[in-house]
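Inside the fold
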Amino acid sequence: PSTTESDMGSAAEANKDKAAAVVSAIASQSAALDEPLEVPGGTPFGQVCDAAAAVELGATKIQMIFADGADVPEDAAGSALEAFHMNVITFIAYCQSAMGTQGKTFDAGLRDAAKVLCKSAGRLVATATESAEPSGSLRAVLGECWEAVKDIKKLPKDGRVAISKALMRSATFIKDTSTELSELGEGAQDEGGNPEDPDEDDLRFHDEDFTAEEMRVARACAEFASASFEFVRKIVAPIVRGSASDVDALERALDSSKKFQVCLEDVGAGVYPPQDGGALIEDASKAMEEGRTMGKEIAEAGGVEGAEEAVAELEGAFNKLRDSLGEK
């Protein structure tokens, strides 16, 4: 009995050592995700998902083999660890070859999600072999691997889709600014109501905090913000439809959209007293300039018709704001 116990103990130690080598290898090999291969045409995203599914299956097998602890026959343990390590290596290779041709937005999303899966895989191997006794956290770590695979499968399938989703996120922030400004001047008829939270209420601007002139300016800016949201919505349409698909031009459009968003948020912040008309026009002018750049890049990406119309409408809204503020 003592010999058997000794053998079992040595098996657990040997398996733990093998697992440590696999964990170390995964950690170093995942660094390759920072160096896209730029394979012509790239690996289709579907193959990345298949490779991730293989990691998920391999992770499940690891959990089953080591469910009662690391004291399992060395041959079986070594074979399972080696197979799982190969699953992860293959997944990393497919990710590497999928990146480099789809633009930085797609690459960043895939890289981040792949690193999460690699870390989860390493944690699973370490947890499965940490003791001869069953691990109470092994199922939870396996769940992390499964979730990481799910997140990879939810990623945009290519650069065009990745950029359109990023533009849509930017559009939601612009819509928030538009909605906030559109509510100014709507509260006059509600005066006399009891505020739900007096302390919070003191921190907010109310319609009576604006002079008539400041409210006029605020409403003019609200119209420009509303037009800006419509502009971004129309700019995104050719990308969603697929007519605008040149990734390099789309990436430049996305960069401009982020600057456009910031400029518009500055306009939104500037409408509250005390107002600075010159600063408002300057921020709106910067937004307009970024809007023109977005239109140019979307046109270069293939969405000429939609982009030109959207920019023209935004120009009209900007000119109206500039006239309203008395700027030439």
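In this text the structure is predicted, and so the values were computed from the model without any measurement.

**Overview of helix α10 (residues 277-301)**
Between its first and last C-alpha atoms α10 spans 36 Å; for 25 residues at 1.5 Å apiece the expected length is 36 Å, and the two agree. Capping the start of α10 is the job of one residue whose side-chain oxygen sits 3.1 Å from the backbone nitrogen of Gly278: Asp276. Trailing α10 by a residue or two, Gly302 shows a phi angle of about 120 degrees, which is positive.

**What to know about the packing of aromatic side chains**
Per the counting criterion, the structure on display carries 4 aromatic pairs. An angle of 55 degrees between the planes, with centres 6.0 Å apart, marks the rings of Phe210 and Tyr272 as tilted. One end of the pair, Phe210, is in the loop between α7 (198-202) and α8 (212-241); the other, Tyr272, is in the loop between α9 (247-270) and α10, with 62 residues separating them in the sequence. As far as burial versus exposure is concerned, Phe210 and Tyr272 are alike and both buried. With a centroid separation of 5.5 Å and an interplanar angle of 50 degrees, the aromatic rings of Phe231 and Phe260 are classed as tilted. Of this pair, Phe231 sits in helix α8 while Phe260 sits in helix α9, placing them 29 residues apart in sequence.

**Here we look at the nonpolar core**
Core analysis: the largest hydrophobic core is formed by 50 residues, its most contacted members being Leu184, Phe224, Phe231, Phe260, Val271 and Ile298. At 14 residues, the largest contribution of residues to this core is made by α8. Apart from residues no more than four positions distant in its own chain, Phe224 is found in contact with Leu264, Ala284, Ala287, Leu314, Ala317, Phe318 and Leu321. Within the second largest apolar cluster, 44 residues are counted, among which are Ala59, Ile92, Cys95 and Cys118.

**A word on a negative patch on the surface**
On the surface, Asp176, Glu180, Glu183, Glu265 and Asp266 cluster together into a patch of negative charge. As for its placement among the helices and strands, Asp266 is situated in helix α9. The partly exposed category is assigned to Asp266, whose relative accessible area is 37%.

Conventions we followed
- Residues numbered from 1 in each chain as written.
- Predicted model: local features only at pLDDT ≥ 70, side-chain atom pairs only at ≥ 80, totals over all residues.
- Heavy atoms only, no water.
- Helix = DSSP H or I, 4+ residues; strand = E, 2+ residues; numbered from the N terminus.
- Expected span 1.5 Å × (residues − 1).
- Polar contact = N/O pair within 3.5 Å; in protein donor to acceptor, adjacent residues only side chain to side chain.
- Phe/Tyr/Trp six-rings, centres within 6.5 Å; stacked < 30°, edge-to-face > 60°.
- Buried < 20%, exposed > 50% of the residue type's maximum accessible area, 1.4 Å probe, protein only.
- Core = buried A, V, L, I, M, F, W, Y, C linked by side-chain atoms within 4.5 Å.
- Contact = heavy atoms within 4.5 Å.
- Patch = residues over 30% accessible without salt bridge, like charges linked within 9 Å, V, L, I, M, F, W, Y side chains within 5 Å.
- Areas by Shrake-Rupley, 256 points an atom, 1.4 Å probe, with all protein chains shown as cover.
- Salt bridge = Lys/Arg side-chain N within 4 Å of Asp/Glu carboxyl O.
- Lys, Arg positive; Asp, Glu negative; His and termini not counted.
- Charge placed at Lys NZ, Arg CZ, Asp CG, Glu CD.

Taken by themselves, the reported measurements are silent on function.
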